[in-house]
Amino acid sequence: MQERKTRMLGAAVLAGAAVLAAGSMTGQAQEGPRVFFVSPADGATVSSPVAFEFGSEGFSLLPVPEEVETPRWGVGHFHIGIATECLPAGEIIPQSAPWVHFGDGSAVFESLMPPGEHTFAVQLGDDEHRTIEGLCSTITVTVEE
Ligand SMILES: [Cu+2]
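Let us look at the structure shown here. (Residues numbered from 1 in each chain as written. Predicted model: local features only at pLDDT ≥ 70, side-chain atom pairs only at ≥ 80, totals over all residues.)

1. Notes on the overall build of the chain
Logical step 1: What the chain contains, in helices and strands, is 1 helix and 9 strands.
Logical step 2: Scanning the chain from its N terminus toward the C terminus, one meets helices and strands in the order α-β-β-β-β-β-β-β-β-β.
Logical step 3: A burial count over the chain gives 18% of its 145 residues as buried.
Logical step 4: Within the chain, residue pairs in contact and separated by at least 24 positions form 69% of the contacts whose partners lie at least 6 positions apart. (Helix = DSSP H or I, 4+ residues; strand = E, 2+ residues; numbered from the N terminus. Buried ≥ 20, exposed ≤ 12 C-beta atoms within 10 Å, placed from the backbone. Contact = placed C-beta atoms within 7 Å.)

Okay, structure coming up:
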């Protein structure tokens, strides 16, 4: 009888741990999906051509289909804004400078840049290239002579 009680207590402790784990997972989920620069780091000094790598969490990166009837939910592709800031949510990202689309689903890019301090934006767009709330981040780097 005593042994059984101990086992039940063990189960209760495990259940408590599971609740705690679920609680911390909920905490992560509240942060939601995000996009970011894997490199360069914000504030870094780099040489030209500048090599970029984009990253994301909580979002599927897939090539844009040839024909889009309805943009797929939770799916998008990267865009880089060169020497510019994030666009507001809900806007269509222009198919022209300073924006470059990665409709093939890629996450790397190289760009020749003049020396000086430049801001870059990585912004997610859906199949219609429309920006999504919260899915953009910027870095400012210094390109050396
Ligand atoms: Cu696009």
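2. Examining the sheet that holds strand 1 (residues 34–39)
Logical step 1: Strands sit in the order 1-3-7 across an open sheet of 3 strands; the sheet is antiparallel. Across the chains shown, the open sheet's two edge strands, defined by having one partner strand only, are strand 1 and strand 7 (108–111). Averaged over all pairs of adjacent strands, the angle between strand axes in this sheet comes to 30 degrees, irrespective of strand direction. (Pairing = 2+ DSSP bridges. Axes fitted to C-alpha atoms, helices over the stretch in contact; angles between N-to-C directions.)

3. Brief notes about the nonpolar core
Logical step 1: Of all hydrophobic cores here, the largest spans 12 residues; its members are V35, F37, F52, F54, F78, F102, F120, A121, V122, L124, L135 and C136.
Logical step 2: Those elements giving two or more residues to this core turn out to be strand 1, strand 3 (50–57), strand 8 (116–125) and strand 9 (131–143).
Logical step 3: Broken down by element, the residue count for this core peaks at 4 residues, all from strand 8.
Logical step 4: If we ignore the near neighbours within four places in the chain, the residues touching V122 are V35, F36, F37, F54, F78, I80, C136 and S137. (Core = buried A, V, L, I, M, F, W, Y, C linked by C-beta atoms within 7 Å.)

4. Thoughts on the environment of R72
Logical step 1: Take R72: it is sitting in the loop between strand 4 (60–61) and strand 5 (75–82).
Logical step 2: Overall, the presence of 14 C-beta atoms within 10 Å leaves R72 in the partly exposed class.
Logical step 3: Sequence separation between R72 and E128 is 56 residues, and the spatial gap between their C-alpha atoms is 9.3 Å.

5. As for the pairing of strand 3
Working note: regular strand, side chains alternate between the two faces of the sheet.
Logical step 1: One ladder, built from 5 bridges, connects strand 1 with strand 3; its direction is antiparallel. Residue pairing in the sheet places F36 in a bridge with G55 of strand 3.

6. Points about the pairing of strand 8
Logical step 1: Here 6 bridges tie strand 5 to strand 8, and the two strands are oriented antiparallel to one another. Bridge pairing in strand 8 links F78 to L124.
Logical step 2: As judged from the 9 bridges shared by strand 8 and strand 9, these two strands associate in the antiparallel manner. Bridge assignment links T119 to a residue of strand 9, and that residue is T140.
Logical step 3: Taking the residues that link successive antiparallel strands as the turn, the strand 8-strand 9 hairpin has 5 residues, and the phi of H129 there is positive, at about 65 degrees.

7. Describing the environment of D42
Logical step 1: By the element assignment, D42 lies in the loop between strand 1 and strand 2 (45–46).
Logical step 2: Put simply, D42 and F120 are 78 residues apart on the chain and 9.6 Å apart in space, counted from C-alpha to C-alpha.
Logical step 3: Beyond its immediate stretch of four places on either side in the chain, D42 contacts I139 and T140.

8. Examining the environment of V75
Logical step 1: Topologically, V75 is positioned in strand 5.
Logical step 2: Residue classification places V75 among the partly exposed positions, given that 17 C-beta atoms sit within 10 Å.
Logical step 3: Separated by 16 residues in sequence, V75 and F59 place their C-alpha atoms 6.2 Å apart.
Logical step 4: Apart from residues no more than four positions distant in its own chain, V75 is found in contact with S60, L62, D126 and D127.

9. Some remarks on unusual backbone geometry
Glycine aside, the phi torsion of most residues is negative, and most peptide linkages are trans.
Logical step 1: Here S48 and P49 are connected by a cis peptide whose omega angle stands at 0 degrees.
Logical step 2: Among the secondary structure elements, P49 is positioned in the loop between strand 2 and strand 3.
Logical step 3: In this structure, the amide linkage connecting A97 to the following residue, P98, adopts the cis form with an omega of 5 degrees.
Logical step 4: Positionally, P98 belongs in the loop between strand 5 and strand 6 (99–101).
Logical step 5: Positive phi is not limited to glycine here, since A83 has a value of about 55 degrees.
Logical step 6: Mapped onto the elements, A83 comes out in the loop between strand 5 and strand 6.
Logical step 7: Phi is positive for H129, close to 65 degrees, though the residue is something other than glycine.
Logical step 8: Along the polypeptide, H129 turns up in the loop between strand 8 and strand 9.

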